[in-house]
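# Report on the structure
Each chain, letter by letter, is given below.
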Amino acid sequence: MTTPPAEGAHLSRRRLLGAVLAAGVVLIAEPTAVTAHAADGDVTLTAGGISLLASLGGRLAIRDAAGVTRSAGSKFQVKDQLTGIHLSTGGTPALATLPDGTPAIRMDYTFDAAAGPTTVTGWFSVTTGHARLEWRITGATTLLPDGFLFSRAIQAPTAPDDYIAITEWVRDSGGGIPYEETAGVAHTSTWGSLHGLFLLDRSRQAWTNSTWIHAPGTADAAGGWTSRADFFFSETRPSATATIGRGVELGLELTTDREFNLYDVLGEPMQLTALVANGGAARSAELELSVRDFSGTQLVSTTVTGSIAAADTWQHTFTVPAPAAGIVFAEVVVRSTGDEAFARTNLATLEPFTYQAGTDSMFGIANYPWLQRPSADAVLDLWQRVGISLVRIAYDGGPGLPPAAFDARGMRHNIELQPSLDATDTEAAAWAADKLAVALAAGAGRFEVGNELNRPFNTGTAAQSYLDKALRPVFDRRAAIGATVKLMNNGLAGMDKPWVENFVAAGGWDLIDAFAYHPGRGNFTPDYIPSGDDWSTGSSGTYWNFYGGLKQLKSLMAQHGPKEIWLTEAYAPTKPNSWWHDTYRHAAENVLLSLALAKAEGVTCVCWYQFHDSVLGMPQVADPDNVEYHYGLMNRDLSPKPSLLAYATAARVLDRATFRGWLTFPDPQTFGLWFDTPDGPAVVLWNRADGYILNTAGQRTDWHFPAPEAWVDPWPTKTLLTVTADNTARELDAIGRSRQLPLSQGRSTLTLDGAPRVFYGLTPLAGPDGVNTLAGCCDA
């Protein structure tokens, strides 16, 4: 799906401070003296709790207070877009001073001739518990600053190293909801009670391993680039270490006593812990907690006070009264002497549920579980708890978990692999043979041959090359070896009717067992069907709709024959304060309605994209302007979005449901879906008096929209519908909160608006010519 351009950078006060720190000003309380020594080619710098030892050959060792080496490395890597990767071949250390007179180690690295004019000079210094590492790089204009890395090997750790994103919450100057920004990335190590971390402004986990840390460079005004990293020893959490080490006055991190902040028992009290870090002088501070539920009811508003020593932390645990069901939104603010910081998280209740649809389940996830926090088992436990029964991509050696992990849990799995449409016929045949073998080895139920290869959208021009270079070679190879794995076309970006028509005309329809596409959706409700057939494909075009495309596909299938329908990526992205994307509340409503509509239309499987807010390679690194980052059912901090509860609600309601038909009402703006379930008829009702276009209120500027908080009801028009009901009548909202319906003489009056709700205990009536309704809705 195409996305709008990124908005301008959001520069907070702390970001401004971070810019100062990046220039080399690091504020540490109670600094100790720095001593320096050089002899026999070795140079040593020592401060309280830390020392650096640099040696001939480029070796740099970081040692703790006892002189024990904890990290050692000797090389720097650069990458040139023409000549490739180059590693330093040696280095010579010397005792030097920084411009402010601070003792430093200078390391002049050597490279072989293939590196051309590349020069790398390291400048290393220490303060209390802290080492400042800086590399200045010059060379050809073809050097790629994103390809810089430095080597290090952690000595005798007592736990695996980790990659931790450091974030801060900011309030949008344009109005709307707050969001997180990146304040750095930490590569952490552990030696018993002692912790160490390399802190960088940015660094890719995917380009970091036990030997190398990715340290991208920034351009210098005088030419060349600089890579920087800070190393800290500490005994506290990485977020607090970053706050204290960089001298930020106040930092705040929230945690709970449950994985994913999810509780099993309705009404169970929740524990929310605030960790305050103080990067300045000793001070008193106050912590203010505010908690609201999905209806906006304030459950908690309380303030506590405490004292924090210089360069230290203060921890306080609040007890949060859980709602009877659903989700609560917590914000904690810490204030002291004119400075403040805040943080948010969500806590939710989701009771266990036994799903029984088995292989008939429609509920899947669109990508592999590559973010396996706090563990792979915990993630799979949660997947199965919310009803996910299939993963779109799983194969040995691929990202995420291997097929065996899903087999052990009875979860189905498919595969999607990307071909090149520029391949020669020989290359295409070889790719088909290789990847079909991968699919078969994985035990994939279906092989989705490619992903979003229908560009330019809505033109159909790529259909023939896709058939020639991708699908037909796989189809032919499958026939040649007698394989039975089912084939899907590449998951189309949007329901691309011209592409499908050209695909059919070229003979593609008979080569697939299932049809895959991605119903990308902008600020339209899921049931929106654009008028006409000429849907615009721009970054805010009507082409990006859910139900209109699905109905269009069903119409094409009526002409050319039925196939399984797979929505291999379905979305409800929550990019903050963007009118084209869902608010957190709309996202939950749209998850439920999208899944209900898919069930009603006989979709075989909906693979939701994706599970966590994050991007592969930089997990949990806050990125407010990147749409791809915001597609998750879960927040960056692993807490649930309302969308997660909506997915679980749909999975539970529709687990063994059979669609009976649409419901018709006297009010043409009231809509309903009728399902038969083991719990009796379930009907999904909503009203479109407020239209199909979302996020139209308020002052929109460019892509900015001041989004309301998740607990704010966005639907002004309430429509009453009185129907026959029995004493079991109840209502489920989008996030699964249940309430009994009030009855009067066997009837109940429902309040409907643009949010879909599920109702039990009503009486659907099958009418002539397929016109169905609810008993009592048309009575005088």
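Residues numbered from 1 in each chain as written. Predicted model: local features only at pLDDT ≥ 70, side-chain atom pairs only at ≥ 80, totals over all residues. Heavy atoms only, no water.

To continue, consider the overall build of the protein. A tally of regular secondary structure across the protein gives ten helices and 46 strands. Here the C-alpha atoms of the protein give a radius of gyration of 29 Å, agreeing with the 28 Å that 2.2 N^0.38 yields for 780 residues. If you line up the protein on its principal axes, its C-alpha atoms span 100 × 70 × 50 Å. Counting the 780 residues in the protein, one finds 56% classified as buried. Put simply, 67% of the contacts in the protein that link residues at least 6 apart link residues at least 24 apart. With 57 positive and 80 negative side-chain charges, the protein shows a spacing of 1 Å between the two charge centroids. (Helix = DSSP H or I, 4+ residues; strand = E, 2+ residues; numbered from the N terminus. Rg over C-alpha atoms; globule rule 2.2 N^0.38 Å. Buried < 20%, exposed > 50% of the residue type's maximum accessible area, 1.4 Å probe, protein only. Contact = heavy atoms within 4.5 Å. Lys, Arg positive; Asp, Glu negative; His and termini not counted. Charge placed at Lys NZ, Arg CZ, Asp CG, Glu CD.)

This part takes up the packing of aromatic side chains. Scanning the model with the defined rule gives 36 aromatic pairs in all. On the basis of an interplanar angle of 65° and a centroid distance of 4.9 Å, the ring pair of F198 and F231 is categorised as edge-to-face. Here F198 is found in strand β16 (residues 194–200), whereas its partner F231 is found in strand β19 (residues 225–234), with 33 residues between them in sequence. For F198, a relative accessible area of 2% translates into the label buried. Classification of F231 as buried rests on a relative accessible area of 1%. An angle of 55° between the planes, with centres 5.3 Å apart, marks the rings of F659 and F675 as tilted. Here F659 is found in strand β38 (residues 658–663), whereas its partner F675 is found in strand β39 (residues 670–677), with 16 residues between them in sequence. Taking the relative accessible area as the measure of exposure, F659 reaches 25% and is therefore partly exposed. Judged by relative accessible area, which is 0%, F675 ranks as buried. (Phe/Tyr/Trp six-rings, centres within 6.5 Å; stacked < 30°, edge-to-face > 60°.)

This next bit is on the pairing of strand β7 (residues 84–87). Of the strand pairs in this sheet, strand β6 (residues 76–80) and β7 are connected by four bridges, and their pairing is antiparallel. From the neighbouring strand, V78 faces β7, where its bridge partner is H86. Here β6 folds back onto β7 in antiparallel fashion, the turn holding three residues. (Pairing = 2+ DSSP bridges.)

Once that is clear, we can look at the sheet that holds strand β3 (residues 50–55). Ordered by their spatial adjacency, six strands build an open sheet running β1-β2-β3-β4-β5-β13, and the pairing between neighbours is antiparallel. Each having just a single partner strand, β1 (35–39) and β13 (153–154) make up the two edges of the open sheet.

Let's shift gears to the environment of W383. Of note, W383 is situated in helix α3 (residues 376–386). Since its relative accessible area comes to 1%, W383 is described here as buried. Separated by 265 residues in sequence, W383 and A648 place their C-alpha atoms 9.5 Å apart. If near-sequence neighbours (up to four positions away) are discounted, W383 is found in contact with I365, N367, Y368, P369, I388, V391, F406, M411 and F611.

So, on to the nonpolar core. Generally speaking, nonpolar side chains in soluble globular proteins are found buried as a group. Counting residues in each nonpolar core, the largest one holds 105 residues, and the members touching the most others are W383, F447, F515 and W608. No other element matches the ten residues that helix α9 (residues 584–600) contributes to this core. Setting aside residues up to four positions removed in sequence, F447 forms contacts with I415, L417, W431, K435, L436, A439, V474, V485, K486, L487 and M488. One finds A47, A131, W191 and F198 within the second-largest nonpolar core, a separate group that totals 36 residues. (Core = buried A, V, L, I, M, F, W, Y, C linked by side-chain atoms within 4.5 Å.)

Looking now at the pairing of strand β2 (residues 42–47). Direction of pairing for β1 relative to β2: antiparallel, over a ladder of five bridges. Across the sheet, the residue bridging to A36 is L45, located in β2. Adjacent in sequence and paired antiparallel, β1 and β2 are bridged by two residues, among which D40 carries a positive phi angle near 55°. Hairpin connection from β2 to β3: two residues lie between these consecutive antiparallel strands, with G49 at a positive phi of about 80°.

Taken as a whole and assessed by the stated rule, the structure comprises 41 salt bridges. Here E180 ties to R636 by a salt bridge, and the two come within 3.0 Å at their closest N and O atoms. Here the residue E180 occupies a position in strand β15 (residues 179–191), and R636 occupies one in the loop between β37 (605–608) and α10 (642–653), the gap between them amounting to 456 residues. Overall, the relative accessible area of 11% leaves R636 in the buried class. The salt bridge involving R757 is made with E731; its shortest N-O contact spans 3.7 Å. Taken together, the positions of R757 in strand β44 (residues 757–762) and E731 in strand β41 (residues 719–732) put the pair 26 residues apart, joining distant regions of the chain. What emerges from the salt-bridge pattern is a single network uniting D713, K718, E731, R739, D753 and R757. (Salt bridge = Lys/Arg side-chain N within 4 Å of Asp/Glu carboxyl O.)

Between its first and last C-alpha atoms helix α6 (residues 463–481) spans 26 Å; for 19 residues at 1.5 Å apiece the expected length is 27 Å, and the two agree. The principal kink in α6, of about 40°, is found at L471, preceding the proline P473 by one to four residues. Taken together, the buried positions of α6 are A463, Y466, L467, K469, A470, L471, P473, V474 and R478. Where α6 is buried, its residues touch α5 (425–442), β32 (446–449), β33 (486–488) and α7 (497–505). Remark: G482 follows α6 within two positions and exhibits a positive phi of approximately 70°. (Expected span 1.5 Å × (residues − 1). Bend = angle between axes of the 7 residues up to and from the residue.)

With respect to the helices and strands, the residue S55 is situated in strand β3. Non-local contacts of S55, meaning those with residues more than four positions away in its chain, are made with G41, D42, G91, P93 and M107.

Moving on to the packing of α9 against α10. It is the contact of α9 with α10, at a shortest axis distance of 8 Å, that shows an interaxial angle of 20°. Considering the angle they form, α9 stands roughly parallel to α10. Note on packing geometry: the crossing formed by α9 with α10 is right-handed. In this structure, α9 contributes Y584, A587, A588, V591, L592 and L595 to the contact, and α10 contributes P642, S643, A646, Y647, T649 and A650. Class assignment of the residues belonging to the contact of α9 with α10 gives a composition of ten nonpolar, two polar and no charged. (Axes fitted to C-alpha atoms, helices over the stretch in contact; angles between N-to-C directions. Parallel < 35°, antiparallel > 145°, perpendicular 65-115°, else oblique. Left-handed = near helix turned anticlockwise from the far one by under 90°. Nonpolar A, V, L, I, M, F, W, Y, C, P; charged D, E, K, R; others polar.)

Let's shift gears to the state of the cysteines. On inspection of all chains with the given rule, the structure shows zero disulfides. The thiol of C605 is unpaired, and the distance to the nearest cysteine sulfur, on C607, comes to 4.0 Å. Residue classification places C605 among the buried positions, given a relative accessible area of 1%. (Disulfide = S-S within 2.5 Å.)

Before going further, it helps to spend a moment on the packing of α7 against helix α8 (residues 547–560). Across the interface, α7 lies against α8 with an axial gap of 11 Å and an inter-helix angle of 15°. Comparing the axis directions of α7 and α8 gives the class roughly parallel. Considering the relative orientation of α7 and α8, their crossing is right-handed. From α7, K497, V500, E501 and V504 reach across to α8, where they touch Q552, L556 and H560. The residue makeup of the contact of α7 with α8, split by class, is three nonpolar, two polar and two charged.

The residue after R373, namely P374, is reached through a cis peptide bond having omega -5°. For P374, the position within the fold is in the loop between β28 (363–365) and α3. A cis amide bond, omega -10°, links R455 with the succeeding residue P456. Structurally, P456 can be placed in the loop between β32 and α6. Although it is not a glycine, Q620 sits at a positive phi angle of roughly 70°. Locating Q620 in the fold gives a position in the loop between β37 and α10. Look at Q620 and you get buried, because its relative accessible area is 9%.

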